[in-house]
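Residue strings, one per chain:
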Amino acid sequence: MKGFNLSDWALNHRSFVWFLMIVSLVAGALAYVSIGREEDPNFAIKTMIISASLPGASVDETLTQVTDRIEKKLKDLDALDFTRSVTRPGQSIVYVELLPTTKARDLPRIWEKVRNMMADIRPDFPAEFAGFQFNDDFGDVFGNIFAFTSDGFTPRELRDHVRQVQRAVQALPDAGKVTIFGTRDEVVYLEFSTERLAALGLNEQQVQASLAAQNAILPSGVIDAGPERVLVRVGGQFAGAQSLRDVNLRVGDRFFRLSDVADIKRGYEDPPSELFRYDGQPAIGLAVGMRKGANIIDFGKELTAVMAQAQAEMPIGIHIHQVADQPHVVEDAVGHFLRALMEAVVIVLAVSFVSLGLRAGLVVTLTIPLVLAITFVVMDYTGFTLQRISLGALIIALGLLVDDAMIAIETMITRLEKGDSRTKAASYAWTSIAFPMLSGTLVTVAGFIPIGLNNSAAGEFTFSLFVVIAVSLLVSWIVAVLFAPLIGVTMLPRSMPDHSHEPGRLRRGFHGILRLAMRFRWATIVLTLAVFGLSVYGMKFVEQQFFPSSDRPELIVDVTLPQNASIADTQAQMDRFEGYLKGDKNVLFWSSYVGRGAPRFILSYDVPTPGPNMGQIVIQTPGVEARNALRARLTKIAEDEFPGVDMFIKLLEIGPPVGRPVQYRISGPDIARLRDHARDLAALVATDSRLVNIVMDWNEPARVVRVDILQDKARQLGLTSKDISGALNAIYDGQSVTQLRDGTYLVNIVARGNAAARSSVEGLYNLQLGGSGGAAIPLSSVAVFHYDTEQPVIHQRNRMPTITVKAAIASKDQPATIVSALAEKIADFNARLPFGYKVEVGGTVESSAKSQAPIAAVVPLMLLIMVTLVMMQMQGFRRSLVVLLVAPLGLIGVVAALLPSGAPLGFVAILGVLALVGILIRNSIILVSEIEALREAGQPAWEAVFNASDSRARPILLTAAAASLALIPISRQIFWGPMAYAMMGGIIAGTVITLVFVPALYLAVFRVKREA
């Protein structure tokens, strides 16, 4: 190509180009040191939680008066994907799930809009409505979690020490949100005896009002006493439990101590709303987040120093244990990837030295650190970190980025063998292959466009794959035409012996195959298409997957009891299960959470909805083998020893969390009929023997005692429904009367019934109420009691009651395979449902479909860009057709690699298959461009096809060997393995197709006559 020659320019400005190389290496080294480290890339959790309460309401009243109003209003939110809600008596929790296409930068604006929408409908709620709470930090990650245990200290004393550590951690410049959890608030309980109150003619509400009035903080005035102002303060506020015991109550002309009618004791919240334990010991947790953009390894070192100092200053008996240590995990993970990267470098270097010789191999070798250094600079400048995806991308790119350098050096060697000078040979690469290489590089980059423009959560998770590969490949082209010629002129000999007329055994074998394919072009084409058709059929037998499970050693146990279970029963079941962990060699330690789930200690962790009937245990094991062995043992224990308790023992996930892999949602308007249909659906799912641990997320009703007030009789006695409800609530749940102000703490003073009254259903019949005249009135005289059932919780999705049937997999089959096998049965079941009821597939299959749909939407753009680039380079329809028809044939190698290995075709593997399209087109462009160049030089078409295929065979084979062998280090990894197998198979098969099928296709398309 005539005109400006960048390689010539580099050779004429050698000092400046050497300077650029040195600057690139130094800048790359500095960028590598400063670039952030993470375990997984960040992706926005596009979920907000709205909590609302209507105290005293039944589940149906809460659903209609609170949940439905919230969900109905949220339908007006443009960015809304769907809502899901959990409604309990008096409490509503609504999850606002945004569209996957929502940009992370728009989230603050959208969350503010949600708050404004709720403020708009606030007047529409009943007068008793207690307001909203918003959690738009649902995606916050606490990579470091510490457990504080104590021996001989009260929970209050331990909490004081934890708060001191919290302040020290918050002082770190890179600290983010730091929260304390697992605490039990102090409470002063006034446990009234309803019989004694009634006997003395006291009304509990009047007693509570009297106590609140005495403890109130109110202004008492200021005296202007001449030159100064004197403040007036009124005492009498409560200082502790003893001051409450000293309170006198007046009834008529008589006085009674409060202690005469109530047992007064200071303790801790009972029953607790949540509990946290470490290795079975009560503990308080400290969850530490990191400031966005900070280096987690550096932050981990700072945090470790603070904790070591804190432990040294702690009193004897208080111990700090690290439950989650993401800096260590990240350092270990990055170390593994860097070792894999070094292995890939060694493999690529071996290919270079063996195939090109020492000097030429050294030239290619020196281009690798240059490309990586510049890539690190771009990553650091644009804010990308070293993590699972970006490091994997570097390994994938490594095999591709040497392609341009190999082709450039191979071209130089060819010209040197023909007698050209080193300078002329170096500049020839620019004129002959620079632009075909650029077109091929751009086409390869275009193959990764579905990753770069994929708006799903999974696409956001893998976005750095596109950026790193695109940058490294573009940089590799620049290095190949700017730096490689200068390095080649410096290191290659002045002349090289011509070996073109002395083909070796392998080359002679290739010549025979090539001539055979060219002579029998149509047979070659038909055979290739037949094998392609067979591979398309073989895809039916390749397992489908979304994301694999994590290779982290943690094991998660989700514990779920019936919806009406108490937290005490949940704790008892978890205590019993934890007994099986003690002394197990596969258990390093464990942390358990009762009434809640663990904090989000990695981004892909699925935080469950809190409730008294649920809990989680996070078990740390020595490694993956120990984890798997422990999982098998605990699964058997859960099945045999814990009937009636849902214990799901799972691994951490990579990418967007799913939970149980096989899920079906059934929705319908009538809850009673919905429950019946859900049970039938669960029975249908259970017909597949590969599915185990089948549960419904809600179904069973709870017992209810209905107190029907005899209104006329109650009015005669001066009672109202409000009085009776208030008295019952005060007895069973307790009512906050006032607060003790104890330093920085506010200690609630709670009035409630005594233990005998609270724990007995029969106690309702004997309950004594204080009438308006001071007489004791039995509740049974103004009310009728009967037992009933009602739903303790209702789940909705898009305002429709929805039950999710979930199942785990006992075999090695992938969820998509099982869902496909059940598809016909599910379709028949769905067709028989009444109007308004429907079944939808959820779980892994749904998440995979949601993630693949945006890919499919972008594929046409990818193909358009590829076709445009090919047309720009080829400048002809028939030449472009030859190049493009090769693209889908890489599927032959993909199927041939995946089927024997048993590797599934997952989300990441699909991205690799799409990238193969660009790689194969790139090789075809280089080959067809060489054919056209030889034809323009005057060679006959048949001879040009043969010679071009012969001359381009070695660089194409070398680049294929480098690209495929460089993937070996990551083929052993759970996450990257399927993609590595797919790309290795596709590259190897694609190389054969390029060197054999493309010549035959070219001859057929251009109707080149067979050589005599």
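Residues numbered from 1 in each chain as written. Predicted model: local features only at pLDDT ≥ 70, side-chain atom pairs only at ≥ 80, totals over all residues. Heavy atoms only, no water.

K.L.:
Explain the overall build of the protein chain to me, please; I cannot follow it from the model alone.
P.N.:
Across its full length, the protein chain carries 32 helices and 31 strands. Each principal axis of the C-alpha distribution contributes one length, and for the protein chain these read about 130 × 80 × 55 Å. Taking all 1012 residues of the protein chain together, the buried fraction comes to 54%. Taking contacts inside the protein chain between residues at least 6 apart in sequence as the whole, the part at least 24 apart equals 81%. (Helix = DSSP H or I, 4+ residues; strand = E, 2+ residues; numbered from the N terminus. Buried < 20%, exposed > 50% of the residue type's maximum accessible area, 1.4 Å probe, protein only. Contact = heavy atoms within 4.5 Å.)

K.L.:
Can you walk me through the nonpolar core in this structure?
P.N.:
A general feature of soluble globular proteins is that nonpolar side chains tend to end up buried together. With 169 residues, the main nonpolar core has Ile 396, Leu 401, Leu 465, Ile 921 and Trp 976 as its most contacted residues. Among the elements that take part in this core, helix H16 (residues 463-491) stands out by supplying 19 residues, more than any other. Sequence-distant contacts of Ile 921, defined by excluding residues within four places in its chain, comprise Val 443, Met 866, Val 870, Val 883, Leu 884 and Ala 887. (Core = buried A, V, L, I, M, F, W, Y, C linked by side-chain atoms within 4.5 Å.)

K.L.:
I keep staring at helix H3 (residues 59-74) and nothing clicks. Help me out?
P.N.:
For an α-helix, the turn length of 3.6 residues means that residues three or four places apart are oriented alike. Along H3, the helix axis deviates most sharply at Thr 67, where the bend reaches about 35 degrees. Looking at H3, one finds that the buried residues are Val 59, Thr 62, Leu 63, Val 66, Thr 67, Ile 70, Glu 71 and Leu 74. (Bend = angle between axes of the 7 residues up to and from the residue.)

K.L.:
Explain the pairing of strand E30 (residues 800-809) to me, please; I cannot follow it from the model alone.
P.N.:
Along any regular strand the residues' side chains alternate between the sheet's two faces. With seven of 10 residues buried, E30 lies mostly within the body of the structure. Pairing geometry for strand E21 (residues 662-667) and E30, over six bridges, is antiparallel. Its bridge partner being in E30, Gln 663 is matched across the sheet by Lys 806. Pairing of strand E22 (residues 691-696) with E30 involves four bridges; the strand directions are antiparallel. Paired with Met 696 across the strands is Val 805, a residue of E30. By the bridge criterion, two bridges tie strand E29 (residues 794-797) to E30 in an arrangement that is antiparallel. The residue bridging Gln 796 from the neighbouring strand is Pro 801, located in E30. Connecting E29 to the antiparallel partner E30 that follows it, the hairpin turn spans two residues, and Asn 798 within it adopts a positive phi of roughly 55 degrees. (Pairing = 2+ DSSP bridges.)

K.L.:
Sorry if this is basic, but what is going on with the pattern of salt bridges here?
P.N.:
Taken as a whole and assessed by the stated rule, the structure comprises 27 salt bridges. Residue Asp 76 is joined to Lys 73 by a salt bridge in which the shortest nitrogen-to-oxygen separation is 3.9 Å. The exposure class assigned to Asp 76 is partly exposed, which follows from its relative accessible area of 46%. We classify Lys 73 as partly exposed; its relative accessible area is 23%. Put simply, Arg 660 and Asp 646 hold a salt bridge, and the shortest N to O gap is 2.6 Å. Separated by 14 residues along the polypeptide, Arg 660 in the loop between strand E20 (646-651) and E21 and Asp 646 in strand E20 bring together distant segments of the chain. (Salt bridge = Lys/Arg side-chain N within 4 Å of Asp/Glu carboxyl O.)

K.L.:
So what exactly am I meant to see when it comes to a nonpolar patch on the surface here?
P.N.:
Among the surface-exposed residues, Leu 534, Tyr 537, Phe 541 and Leu 899 lie close enough to one another that they form a single nonpolar patch of about 440 Å² accessible area. By the secondary structure assignment, Tyr 537 is in helix H18 (residues 521-538). (Patch = residues over 30% accessible without salt bridge, like charges linked within 9 Å, V, L, I, M, F, W, Y side chains within 5 Å. Areas by Shrake-Rupley, 256 points an atom, 1.4 Å probe, with all protein chains shown as cover.)

K.L.:
Can you walk me through the packing of helix H29 (residues 907-936) against helix H32 (residues 977-1005) in this structure?
P.N.:
The geometry of a pair of packed helices is captured by two quantities: the angle between their axes and the separation between those axes. Running from amino to carboxyl end, H29 crosses H32 at an angle of 25 degrees, the nearest separation of the two axes being 9 Å. In terms of their interaxial angle, H29 and H32 are classed as roughly parallel. Judged by the twist between their axes, the crossing of H29 over H32 is right-handed. Residues that form the contact of H29 with H32 fall into these classes: 18 nonpolar, six polar and two charged. (Axes fitted to C-alpha atoms, helices over the stretch in contact; angles between N-to-C directions. Parallel < 35°, antiparallel > 145°, perpendicular 65-115°, else oblique. Left-handed = near helix turned anticlockwise from the far one by under 90°. Nonpolar A, V, L, I, M, F, W, Y, C, P; charged D, E, K, R; others polar.)

K.L.:
What is the right way to look at the environment of Ser 7 in this model?
P.N.:
Mapped onto the elements of the fold, Ser 7 is located in helix H1 (residues 6-12). For the pair Ser 7 and Lys 838, spaced 831 residues apart in sequence, the C-alpha separation works out to 66 Å. With residues near it in sequence (within four places) discarded, Ser 7 still touches Ala 426, Ser 427, Trp 430, Val 481 and Pro 485.

K.L.:
For this particular structure, what's the right way to read the side chain of Ser 390?
P.N.:
Mapped onto the secondary structure, Ser 390 falls in helix H12 (residues 388-417). Take Ser 390: its relative accessible area is 0%, and that puts it in the buried class. Within the local environment of Ser 390, its side chain forms a polar contact with the backbone nitrogen of Gln 387, the two atoms lying 3.0 Å apart. For Ser 390, the residues in contact, after removing those within four places along its chain, are Met 379, Thr 385, Ser 464 and Val 468. (Polar contact = N/O pair within 3.5 Å; in protein donor to acceptor, adjacent residues only side chain to side chain.)

K.L.:
Explain the sheet that holds strand E15 (residues 284-290) to me, please; I cannot follow it from the model alone.
P.N.:
What holds strands together in a sheet is hydrogen bonding between their backbones, with the strands either parallel or antiparallel. Strand order in the open sheet made by the four strands is E6-E15-E5-E16, with antiparallel pairing throughout. With one partner strand each, in any of the chains shown, strand E6 (175-181) and strand E16 (318-325) form the two edges of the open sheet. Ignoring strand direction, the axes of neighbouring strands in this sheet form an average angle of 20 degrees. Here strand E5 (residues 144-150) runs beside E15; their pairing, made up of five bridges, is antiparallel. Residue pairing for E15: Ala 147 is matched across the bridge by Gly 285. Strand contacts of helix H9 (residues 296-313): E5, E6, E15 and E16, with the helix running at about 150 degrees to E15, the strand carrying the most contacts.

K.L.:
Where do I start with the confidence of the model for the protein chain in this structure?
P.N.:
A low pLDDT score tells you not to read the predicted coordinates there in detail. For the protein chain, the average pLDDT comes to 82, and 91% of its residues sit at 70 or higher. Strand E18 (residues 589-594) holds the highest mean pLDDT among the elements of the protein chain, 93, whereas helix H7 (residues 204-215) holds the lowest, 64. (pLDDT = per-residue confidence, 0-100.)

K.L.:
Any chance you could explain the side chain of His 161 here in plain terms?
P.N.:
Position of His 161 relative to the elements: it lies in helix H5 (residues 155-170). Taking relative accessible area as the criterion, His 161 reaches 18% and is therefore assigned buried. When neighbours within four sequence positions are excluded, His 161 is seen to be in contact with Met 314, Pro 315 and Ile 318.

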